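Summary of structural features
The residues making up each chain are set out below.
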Amino acid sequence: VVVVVCCSNTPLNLLNYLLLLFYCVDNMGAVGEVEKGSSLLHSSGGSVMYQVRDGVFEFIGKWVATPLVEAMPSRNAFRWTFAVAVAAMLVFSSQLDSVVANLWEYLCQSWWFRHDTFEPMLATLSFFPWLSLFYILDLHTPVAARFRVRKSNDMSHWKYNGDRSFRGWPVLVAYILPLVVFDYFFPRRVLQSSPPSFLQLVGEVVMLLVIYDALFFICHRLMHVNTTIYKFVHERHHEKSVTRAFDAVRLTFSEEFVDVMCSIVGVNLLRAHPLSRAIYNSVIVYLLVELHCGYDFPWMLHNVVPFKLMGGPPRHDEHHRDGRNYFQKFFTYLDDYFGPVQKQPHTSHH
């Protein structure tokens, strides 16, 4: 929030914007660089900031996450809830149109929403709450272990162990910094005057996910078919045999570029409404983190969306274990149609 508040078109506030961004990336969440051998979200350095944060995470894990996990309803209960929610959205779509219109009017009057770098900043900052959520489940909610796809206690994903360990902050900085500079010198964000309807909003978000998923399927499959591309582009992502949420940002710069370009191409092909793009940026970040979390909770989309349209963490965990199948991130139809690749699997190096 502090970072967004500092966004403006004055050079001084732009500088503050960049400095605060680096501070947040270097000190928050799983992308922070901390002492060798210490947790990426838990520092042994004894600073007040780390102690307070770790105390908050431990409190949330014990008093919030643990009771919720213990009282988790069944998969069928979530399926019925999902079906009722979809039906309600269809029945009350006209009422929801007015809600969307009021929201759009408010956002159009907000300078931070009009700022050129709003969308990439939203996508970047969205990683922190979701990574923190699954960090709490991994390290501070022992009862959540019964929902893990694989019964492994390997939490090395959350630790920084020196030169061979992965640090996420350079990837995020390499993504956001050029966009911040470009947007400052070449502002281009233009907002439409009319709001989208509620059904248009939902439809565009779903279509953006479908387009991105199909484009990345092509690129992802190629990464596993071509040994050279795999080695220099995708191998880092498969360093661990068991998936954890932090693997969502365990990318090389080149793979991050491919990933972002798939999303940009989809947005421009569909010419989606700015509000749809904003919601899409938040939704896709959550789905990317969930995909790698290593859990199979009954409320996850692959368990509530009918006809096995979505793969979810179980499929992606199998992909990290084997490497020959399940190249789609979210949906299943392309993987089911094309099947596995015939080359030897690229297994993890861990």
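Provided above is the structure to which this section pertains.
In this report, the structure presented in the accompanying data block is examined. (Residues numbered from 1 in each chain as written. Predicted model: local features only at pLDDT ≥ 70, side-chain atom pairs only at ≥ 80, totals over all residues. Heavy atoms only, no water.)

1. Examining the overall build of the chain
Across its full length, the chain holds 16 helices and two strands. Of all 350 residues assigned to the chain, the portion counted as buried reaches 49%. When contacts within the chain are restricted to residue pairs at least 6 apart in sequence, those whose partners lie at least 24 apart make up 73%. For the chain, the accessible surface area stands at approximately 17300 Å², while carbon and sulfur atoms represent 66% of it. (Helix = DSSP H or I, 4+ residues; strand = E, 2+ residues; numbered from the N terminus. Buried < 20%, exposed > 50% of the residue type's maximum accessible area, 1.4 Å probe, protein only. Contact = heavy atoms within 4.5 Å. Areas by Shrake-Rupley, 256 points an atom, 1.4 Å probe, with all protein chains shown as cover.)

2. A closer look at the packing of helix H5 (residues 93–108) against helix H10 (residues 198–225)
Across the interface, H5 lies against H10 with an axial gap of 7 Å and an inter-helix angle of 80 degrees. The angle between H5 and H10 falls in the class roughly perpendicular. Packed against H5, whose contacting residues are Ser93, Leu96, Asp97 and Val100, the element H10 presents Phe198, Leu199 and Leu201 at the interface. By residue class, the composition of the contact of H5 with H10 is five nonpolar, one polar and one charged. (Axes fitted to C-alpha atoms, helices over the stretch in contact; angles between N-to-C directions. Parallel < 35°, antiparallel > 145°, perpendicular 65-115°, else oblique. Nonpolar A, V, L, I, M, F, W, Y, C, P; charged D, E, K, R; others polar.)

3. Notes on the nonpolar core
Core analysis: the biggest nonpolar cluster contains 47 residues, and Phe134, Tyr295 and Phe330 have the highest contact counts within it. Mapped by element, the contributors of at least two residues to this core are helix H3 (48–70), helix H7 (118–125), helix H8 (127–140), helix H9 (169–185), H10, helix H12 (253–270) and helix H13 (274–291). With seven residues, the top contributor of residues to this core is H13. Those residues in contact with phenylalanine 134 that sit more than four places away from it in its chain are Trp158, Ala245, Tyr286, Val289, Glu290, Cys293, Tyr295 and Met300. Core analysis: the next-biggest nonpolar cluster, separate from the first, contains nine residues, Val100, Trp104, Leu107 and Phe198 among them. (Core = buried A, V, L, I, M, F, W, Y, C linked by side-chain atoms within 4.5 Å.)

4. What about unusual backbone geometry?
At arginine 271, a position not held by glycine, the phi torsion is positive, near 55 degrees. In this structure, arginine 271 sits in the loop between H12 and H13. Its identity as a non-glycine residue notwithstanding, lysine 308 has a phi of 55 degrees, on the positive side. The residue lysine 308 is located in the loop between helix H14 (301–304) and helix H15 (312–322) in this model. A residue is classified by how much of its surface remains accessible, and lysine 308, at 70% relative accessible area, is exposed.

5. Description of H8
The first and last C-alpha atoms of H8 sit 19 Å apart over 14 residues, in line with the 20 Å expected at 1.5 Å per residue. The element H8 is largely enclosed, with a buried count of ten among its 14 residues. For H8, the set of buried residues is Phe127, Phe128, Leu131, Ser132, Phe134, Tyr135, Ile136, Leu137, Asp138 and His140. (Expected span 1.5 Å × (residues − 1).)

6. Quick notes on the pattern of salt bridges
What the rule picks out here adds up to ten salt bridges. With a shortest N-O distance of 2.9 Å, glutamate 119 and arginine 277 are connected by a salt bridge. Taken together, the positions of glutamate 119 in helix H7 and arginine 277 in helix H13 put the pair 158 residues apart, joining distant regions of the chain. The same class applies to glutamate 119 as to arginine 277, namely buried. One salt bridge in this structure joins aspartate 259 and lysine 329, with 2.5 Å as the shortest N-O distance. On the criterion of sequence distance, the pair formed by aspartate 259 in helix H12 and lysine 329 in the loop between H15 and helix H16 (333–338) is long-range, its members being 70 residues apart. We note that aspartate 259, like lysine 329, is buried. (Salt bridge = Lys/Arg side-chain N within 4 Å of Asp/Glu carboxyl O.)

7. Examining the environment of valine 267
Here valine 267 lies in helix H12. Counting along the chain gives 56 residues from valine 267 to isoleucine 211, while the straight-line C-alpha distance between them is 8.6 Å. The contacts of valine 267, once residues within four sequence positions are left out, are Leu208, Ala272, Arg277 and Tyr280.

8. Describing H3
Here H3 contains 23 residues, and its C-alpha end-to-end distance of 32 Å stays within 8% of the 33 Å for a straight helix at 1.5 Å per residue. Bending of H3 peaks at approximately 40 degrees at the position of glycine 61. Of the positions making up H3, those classed as buried are Tyr50, Arg53, Asp54, Phe57, Gly61, Ala65, Thr66 and Val69. (Bend = angle between axes of the 7 residues up to and from the residue.)

9. With respect to the packing of aromatic side chains
Considering all chains together, one arrives at 17 aromatic pairs under this definition. With a centroid separation of 5.0 Å and 80 degrees between ring planes, the pair formed by tyrosine 184 and phenylalanine 185 is classed as edge-to-face. According to the relative accessible area criterion, tyrosine 184 is partly exposed, its value standing at 24%. With a relative accessible area of 55%, phenylalanine 185 lands in the exposed category. In this structure an aromatic cluster arises from ring pairing among Phe134, Phe147, Tyr295, Phe297 and Trp299. In this arrangement the basic side chain of arginine 189 is found over the ring face of phenylalanine 113, its NZ or CZ atom lying 4.8 Å from the centre. (Phe/Tyr/Trp six-rings, centres within 6.5 Å; stacked < 30°, edge-to-face > 60°. Lys NZ or Arg CZ within 6 Å of the ring centre and 35° of its normal.)

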